[in-house]
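Examination of the molecular architecture
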Amino acid sequence: MGKATDDSNVHAPLRPVDFHVLLSLLSRDLHGYGVVKEIERRTAGAIKLVPGNLYPVLRRLVEAGWLEETAERQAEDVEHKQRRYYAITALGRRIAAAEAVRLRMLVEENEVQALVEGWSEG
Amino acid sequence: MTTVWVRIYRALLRLYPRGMRVRDGHEMLGLFVDLLEEERRERGSMAAAKRAIGVYLEVPRSAWAAHVAVRRTRQLGRLRRGHFVGDVGTDLRRAAVSLRRSPGFVAVALLTLALGMGATTAMFTLIHATLLRPLPFPEPDNLYMVYLTTRTPGRETRPTRWSYGEFQVLRDRDLGFQGLAAFARAEFNLTGEGVPYHVRGEVVSSGYFAVLGVPTALGRTFLAGEDGASGRTAVAVVSDELWRSALGGRGGLRGEQIKVNGVAMEVIGVMPPGFKGLTGRADVWVTHAMAPEVYYPSHFTSHQHFLNVAGRLRDGQTVESVASALNSLEPTLAEQFGAQHEGEGQWGATLRSLGSERIDPAVRRASLVLFGAAFLVLMIASANLAALLLSRGLARQREMAIRRALGSSRARLVREALIESGLLGLSGGALGLLLTLWLTQWGASFLSARLATRQLSQFATVSVDGSVLLFTAIVSLGTGLVFGLGPALRASRADVDMTLRGGARAGPAMLGGRRPGPFAVLVVSEFTLALILLVGASLMLETLDNLRARAPGFDPEGVVTFRIQPPLAEYSSEQGPALLERVLDAVSGIQGVTSASVGPCAPLMTTCAWREVRLPLEVDPGGAVRATFRRHYVGPDFLRTLGIPLLRGRWITRGDRQGSPNVTVVNRRAAETLWPGEDPIGKRVVLGSGEFMNPDSTAIVVGMVADVRYGTAEEPIGLDIYTSYRQFSRSFTYVMVKSDLPLSTLVPELRSAIRGVDPDLPIYDVATMGSRGSSALARPRFTGFLLASFAALALVLAALGIYGVMSELVSRRRRELGVRMAIGADRRILIRYIVGRGATLALAGVSLGVVGALILARVLESQLWGVSSTDGLVLAGAATFLLAVGLVAVLVPAIRAARVDPVVVLRSE
C-alpha cells in the first residue's frame, strides 16, 4: 500500500474537485473559505463549493496525505484565528503535477488541438 | 436576519454523521457565515438569502453521501479486522441453516408457537371485527345515534327511540347536525311473478343515505319530497344482492317494479354491494311516506317509540355543543307529547357515538375474555419456547465457548441467537395464521347468530385483513425476540475456560437449588397460567350445563315454527284475525298435525315485543304500578301446542272474540309481581300505555300459566301477558305447529296449506323449537367451546413443558444419578426424588394459579350463570386435575432416570 501512494500516476485521472483543491493551495495555505473563493476565481464561478461538499473532500485529501492541516496563518487573516488552515504536502504537489502533465499531454494531442482551435474560432 | 439563516444551517448540520459534525461542524458553520456575509456585502440581502437557500438545498445530498461513506469505511474496517461480514442477511441465512440442522427442536418449537399464535390471532381477528374496526362509512367519528330520554320519577333516565311526531320536533330544529335520519326495521313480502318471498328492509328518511355518506351504485336515493306525511310516491331503493337475485341485476335501471307488501313500487336506486343499512340486514328501503301503506298504519300517529335516529354532526360541532342544544328540546317535547306519556317526566335527548353503539356489550365481554384466554395460551407456548431455547443454548455451550475463544463478541452471539428465535417466532406466527383462517369460520357463524338480536348491525364480518396480518407479524416476532432474549444472554455468558475444559455441567443450577433457576420459573408460570385457563373453562362449561338444564317451561318436542306477515294493504285490522283463523284451520287440517297456534314470538328467541301494562286508575290512581310485559297475541291451542301447564283459572277459548269481554292470562311471575299474595283471577289490567289507555284495552285476568323462557338462555324469567288474537290483533306473527311429521314432509305441506289461504303470502324463518333452543345457547356454547379448547391446549403445553424440563434435568444429571446408583441408591428413591422435584414445581404453579384464578375470575363473572366465579369445587377439581397431569408428565423422565446404568455412565466419563 505504501508503494502505491508514491507512484503519483496511480491516482490519475484525479477527480476535478480534488485537482482544484490541490491547485488552490499551491501558492499559499488557506482555510475553507479561502479554498472556496480561490476555486471560484480559477473557474470563473463555474464551481461554487458549499460547506457540505468541501469538508468531506478536504478530509479525504488529508487522510490520503495530500494535504495537511496547519496551524500557520497568513498575516491578513488575523480575525480568522480560530479557523483551520490547509497546506499542500509534497505528495500532494507531486500528484497535482502528475495530473497537470497528464492533462497537458491530453490537450497537446493534435486532434485535440484542432478541436480547441476550431471551437475558439467558431 | 443573518442569524436566522445561520441558525437554520446549524440545525441542518445535524443531518450529517456525528463524526463529521464533531470534526468539521464548526468550520462548516464558519464557512457558511463567510459566504453569506460576502454575498450580502457584494450583492445585497436577497442574493445572500438565495445563496443560503442554495446551500440548504444541497445539504440532503452531501449528508447522504457522507453517511454512505461512513458506512463503507466501517465495513472495510470490519473486513480488515478479519471478522465475518455482519449484515443481517448473512445472519438470517446462518440462522436458517442452523435451525435446519435440528429439525426435532424446530418441529416442537413451531408446533408450540403455532398453537399459541393461532389461538391469539384468531381471537384478535374476532375482537378486531367486533370492537376495533371502524364503521364502513366516511368520517365515521361524526356519526351518532340520537336517543330520546325520559325519566319516570324515581327511576333513572332511560334512552328510548322516537315516535314520528317526536322525530319531527328533533328534525326541525337546528341542533348542529349536518343531517338527521330516522329509520326502523321492517319486514316485507315481495310478490309479483313467481313464488312470494320475504325480505327484510328499513323504513327511512330521505336523507338516510346522505347522512351515512353512502352513494348509490345505480340510480338515485330518495328526494326530500318523497318523504314525510305528504310525500307519498311509490319508490324504493334496493340492495345489490336483491338487485342481482330478484331483478336480474344487469345493465341500468329501467323503471323496474317490485311489489312490497302488496304495493307496487318503482325501483329508483341500487345500493353498492355489501351495504345492508344500519340494521345490517336490509334489502329494500322505503320512505316514511310509504310506511302507513306497506308496514304500519299508525306510522305517523302512533306514540310508540319505534324509530331509531342517526345523525351526522356538522364540521366544527362537538358532542358537548350538540348535547346542550338537545336539552333545549325538553319544553317542546314535554308540551306536545307529555300528555300521551303520563308520568314520564323530564324529557330530553342524548347522543351516543354510532361506533360504540353498534357494539353489543355481551359480545364485547365475551370477545375480550376469549382474547385474554388465547393470550394466556400464547404465554404458556412462549414459556415452552423459552425452555426449548434455553436447553438448546446449553447444548451449544461448547460451540459458543469456542467462538468466544476465537474472538466473536458476546453481542454478536446474542444477536445470532435472537435472529434464530425471531425467525422461529415469525414462522410460528405464519403457521398460526393458517390455523386462524380455519378458526374464523367458527367466529363468523357465531356472530351471525348474534346479529339478528340487535337493533343495530355490528358490521362485524370476521375476516383476516391487513390489520390482522400486522398484528400477527408484530406479536410473533415480539414473542420470538422477548422469549429468546433470556436464553440468548444466558447461552452467551458461558465461561469459556470452564466449558472448554469440560468442567461445566449447568444442570442442577438451571433448575434451582436454593434460588429458583430459569427452568423452574418457566415451569411454574406455565402451571399458573394453565390453572387459570382450566378454572375459566370449567366455570364456563358449568354455566353451559346450568343453562341447558334450565327448564324451558314448555315442551319443544315436535314443534315447528314459522312466520307469516299478512300485508296491511290487503288485510285491515278487522280482516286480520279472520285470516289467521283460516291459516290455523288450514294448518290444523294437515294429516299428522296435532295442534297449531299463532303467537308473536316463539320461546327461546328475543323478538318478543315489550309493552307497558298497568292497573286501572280506580285501583291504582297514581299509576304507580306499571311493568313491562311481553305481549302475546295467541290462539286457543297455544298451551296445547307448546305443552305449557295451566296453573289456575281457564285458558283463552274460541269464544273469546271481538264483542265478548276482553280476557287475559298471565304467567306466574307476572301474577306475583302485580298482585303479590293475592289470587290474580278476576283482576283487571290496562294493556299498553299512551294511546292504548282507553277502556277497550282493559282486560280481566281469567287464568294463570307456568313461566316460559321466551328470551335468551341467560335471561331471567320475564312477565308475560297473553290475549286472544281475536280480541287484540297484530299483523305479523309466528305460527307454531305440533306434529309427528318429519320437517322435510311437514314444510312443503305447510307451504301449500298457506298458499291455499293466500297465494301471495310467503312463509319464512322456519325452524324447529329444538334448533331455536340450541341457537339460544349459541353464545355460551361458543365461549365455552373456545375456552375449553384453550384450556386443553394449555394443559397439553404445560404437560409438555414440565416433561421437557424434567427430561432435560435427568439427562444433564445422568452422571450424578449414575454415581448415586453405583454407591447403592435405591431406584425407587431416585424416582421419588425426580418426581418430587417435578411435583414441587407443579404444586408451586398450581398454588399461584389458584390465587390468579381467584383474582381473574371477576373478569368472567358476566359470562357465568348459576355458578360462582370462586366456586371452591371447580377450583379444587381443576387444581387436582392439573397436578395429576403434571405428575404423569414427570413420571416418564423419572423412570428413565432410574434405568440409568451406572457402569455405562461412569465409563463414558
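These numbers were taken from a predicted model, which means no experiment stands behind them.

Here the focus is the overall build of chain B. The number of helices and strands found in chain B is 29 helices and 22 strands. Scored against the burial criterion, the 909 residues of chain B give a buried share of 43%. When contacts within chain B are restricted to residue pairs at least 6 apart in sequence, long-range pairs at least 24 apart make up 83% of them.

Glancing now at the overall build of chain A. Per the secondary structure count, chain A includes six helices and three strands. Beginning at the N terminus, the succession of helices and strands in chain A can be written as α-α-β-α-α-β-β-α-α. Counting over 122 residues, chain A shows a buried share of 26%. For chain A, restricting intrachain contacts to residue pairs at least 6 apart in sequence, the fraction spanning at least 24 positions comes to 56%.

We now examine the sheet that holds strand S21 (residues 733–739) of chain B. All names here are of chain B. Pairing within the open sheet is antiparallel, and its four strands lie in the order S13-S21-S12-S22. In this open sheet, the two strands that pair with only one neighbour each are strand S13 (593–599) and strand S22 (764–768). Strand-to-strand twist across the sheet, computed as the mean angle between neighbouring axes with direction ignored, equals 15 degrees. Sheet analysis places strand S12 (residues 559–564) next to S22, joined by three bridges and oriented antiparallel. Along S22, the bridge assignment pairs Val560 with Thr768. Across the sheet, helix H20 (residues 575–588) is in contact with S12, S13 and S21; its angle to S13 comes to roughly 160 degrees.

Attention shifts here to the pairing of strand S3 (residues 85–88) of chain A. Side chains on a regular strand alternate between the two faces of the sheet. Residue and element names in this part refer to chain A. Two strands pair when backbone bridges link them, and strand S1 (residues 30–31) and S3 are joined in this way by two bridges, in the antiparallel orientation. Each residue of the ladder has a partner; that of His31, found in S3, is Tyr85. Pairing of strand S2 (residues 67–70) with S3, which is carried by four bridges, proceeds in the antiparallel orientation. Residue pairing across strands places Glu68 opposite Ala87, the latter belonging to S3.

Glancing now at the pairing of S12(B). Residue and element names in this part refer to chain B. Here S12 lies mainly inside the structure; six of its six residues are buried. The alternating pattern of S12 places Val559, Thr561 and Arg563 and Val560, Phe562 and Ile564 on opposite faces, both of which are buried. Examined bridge by bridge, S12 and S21 share six bridges and lie antiparallel to one another. Within S21, the position partnered with Val559 by the bridge is Lys738.

Between chain A and chain B, the residue contacts involve 13 residues of the former and 15 residues of the latter. Broken down by secondary-structure element, the contributors of at least two residues to the side of chain A that touches chain B are helix H3 (32–42) and helix H4 (51–64) of chain A. Classifying every residue of the side of chain A that touches chain B gives seven nonpolar, three polar and three charged.

This paragraph deals with helix H5 (residues 90–108) of chain A. All names here are of chain A. Compared with an ideal rise of 1.5 Å per residue, which puts 19 residues at 27 Å, H5 spans 27 Å between its outermost C-alpha atoms and is within 8% of the ideal. Here H5 has its buried residues at Gly92, Ile95, Ala96 and Glu99. The buried side chains of H5 occupy one side of the element, clustering within an arc of 100 degrees when seen end-on. Turned more than 90 degrees off the buried face of H5, the exposed positions are Ala90, Arg104, Met105 and Glu108. Turning to H5, the residues buried within the fold contact helix H2 (16–24), S2 and S3.

Turning our eyes to something else, we now look at the sheet that holds S2(A). Residues and elements named next belong to chain A. The three strands are arranged S1-S3-S2 in an open sheet whose pairing can be described as antiparallel. For this open sheet the edge positions go to S1 and S2, each flanked by a neighbour on one side alone. Helix-sheet contacts for H4 involve S2 and S3, and the interaxial angle to S2 is about 105 degrees.

Okay, helix H26 (residues 814–822) of chain B next. Residues and elements named next belong to chain B. Within the sequence span of H26, burial applies to Leu817, Gly818 and Met821. Along the long axis of H26, the arc covered by the buried residues comes to 100 degrees, so they all point the same way. In the stretch just after H26, Gly824 is the one whose phi turns positive, near 100 degrees.

With that out of the way, let us pick up the environment of B:Val468. Residues and elements named next belong to chain B. Tracing the chain through its elements places Val468 in helix H16 (residues 466–492). For the pair Val468 and Leu433, spaced 35 residues apart in the sequence, the C-alpha separation amounts to 9.0 Å. Sequence-distant contacts of Val468, that is, excluding residues within four places in its chain, are made with Thr121, Phe124, Thr125 and His128.

Residues and elements named next belong to chain B. The residue Glu139 is not glycine, and still its phi comes out positive at about 40 degrees. Of note, Glu139 is situated in the loop between helix H5 (103–132) and strand S1 (143–151). Residue classification places Glu139 among the partly exposed positions, given that 13 C-beta atoms sit within 10 Å. Residue Asp765 is not a glycine yet carries a positive backbone phi of 55 degrees. Along the chain, Asp765 falls in strand S22. By C-beta crowding, Asp765 is classed as partly exposed, having 16 other C-beta atoms within 10 Å.

Glancing now at the nonpolar core. Residues and elements named next belong to chain B. In terms of nonpolar packing, the biggest core is built from 106 residues, with Val377, Leu533, Phe790 and Ala794 touching the most fellow members. When residues in this core are grouped by element, the largest group, 21 residues, is from helix H13 (residues 361–395). Once you skip the residues sitting within four places of it in the chain, Ala794 turns out to touch Leu376, Val377, Ile380, Leu529, Ala530, Leu533 and Leu534. Grouped together as the second largest cluster of nonpolar side chains are 63 residues, Tyr164, Ala182, Phe222 and Val284 included.

It is worth spelling out the packing of H20(B) against helix H23 (residues 743–757) of chain B at this point. All names here are of chain B. Taken N-terminus to C-terminus, the directions of H20 and H23 make an angle of 140 degrees; their axes are 9 Å apart at the nearest point. Here H20 runs over H23; the crossing is right-handed. Contacts from Arg582, Val583, Ala586 and Val587 in H20 reach Leu750, Ala753, Ile754, Gly756 and Val757 in H23. Taken together, the residues of the contact of H20 with H23 sort by class into seven nonpolar, one polar and one charged.

Summarising the model, chain A shows a mean pLDDT of 80, and 78% of its residues fall at 70 or more. For the stretch residues 1–6 of chain A, pLDDT sits under 50, and the model shows three contacts to residues farther than four places along the chain or on other chains.

Further remarks concern the environment of B:Gly355. Residues and elements named next belong to chain B. With respect to the helices and strands, Gly355 occurs in helix H12 (residues 354–357). On a C-alpha basis, the gap between Gly355 and Leu135 in space is 6.3 Å, while along the polypeptide they are 220 residues apart. The contacts of Gly355, once residues within four sequence positions are left out, are Pro134, Leu135 and Pro140.

It is worth spelling out the confidence of the model for chain B at this point. Residue and element names in this part refer to chain B. For chain B, per-residue confidence averages 83 on the pLDDT scale, and 89% of positions sit at 70 or higher. Every residue in residues 504–509 is under pLDDT 50, and counting partners more than four places away or in other chains gives twelve contacts. Across residues 689–694, where pLDDT falls below 50, the model places eleven contacts with residues more than four positions away in sequence or in other chains.

To continue, consider the packing of H4(A) against helix H2 (residues 18–43) of chain B. It is the contact of H4(A) with H2(B), at a shortest axis distance of 10 Å, that shows an interaxial angle of 135 degrees. With respect to each other, H4(A) and H2(B) are oriented oblique. By crossing handedness, the relation of H4(A) to H2(B) is classed as right-handed. Of the residues in H2(B), those touching H4(A) at A:Pro51, A:Leu54, A:Tyr55 and A:Arg59 are B:Asp24, B:Glu27, B:Met28, B:Leu31 and B:Phe32. Grouping the amino acids of the contact of H4(A) with H2(B) by side-chain chemistry returns six nonpolar, no polar and three charged.

Right, let's talk about the environment of B:Ile802 for a bit. Residue and element names in this part refer to chain B. One can find Ile802 in helix H25 (residues 778–812). Between the C-alpha atoms of Ile802 and Gly838, which are 36 residues apart in sequence, the distance is 7.3 Å. When near neighbours in sequence (up to four residues on either side) are disregarded, Ile802 contacts Val523, Gly838, Leu841, Ala842, Gly886, Ala889 and Val890.

Parameters and conventions
Residues numbered from 1 in each chain as written. Chains lettered and ligands numbered in written order. Predicted model: local features only at pLDDT ≥ 70, side-chain atom pairs only at ≥ 80, totals over all residues. Helix = DSSP H or I, 4+ residues; strand = E, 2+ residues; numbered from the N terminus. Buried ≥ 20, exposed ≤ 12 C-beta atoms within 10 Å, placed from the backbone. Contact = placed C-beta atoms within 7 Å. Pairing = 2+ DSSP bridges. Axes fitted to C-alpha atoms, helices over the stretch in contact; angles between N-to-C directions. Nonpolar A, V, L, I, M, F, W, Y, C, P; charged D, E, K, R; others polar. Expected span 1.5 Å × (residues − 1). Arc of directions from axis to C-beta. Core = buried A, V, L, I, M, F, W, Y, C linked by C-beta atoms within 7 Å. Left-handed = near helix turned anticlockwise from the far one by under 90°. pLDDT = per-residue confidence, 0-100. Parallel < 35°, antiparallel > 145°, perpendicular 65-115°, else oblique.

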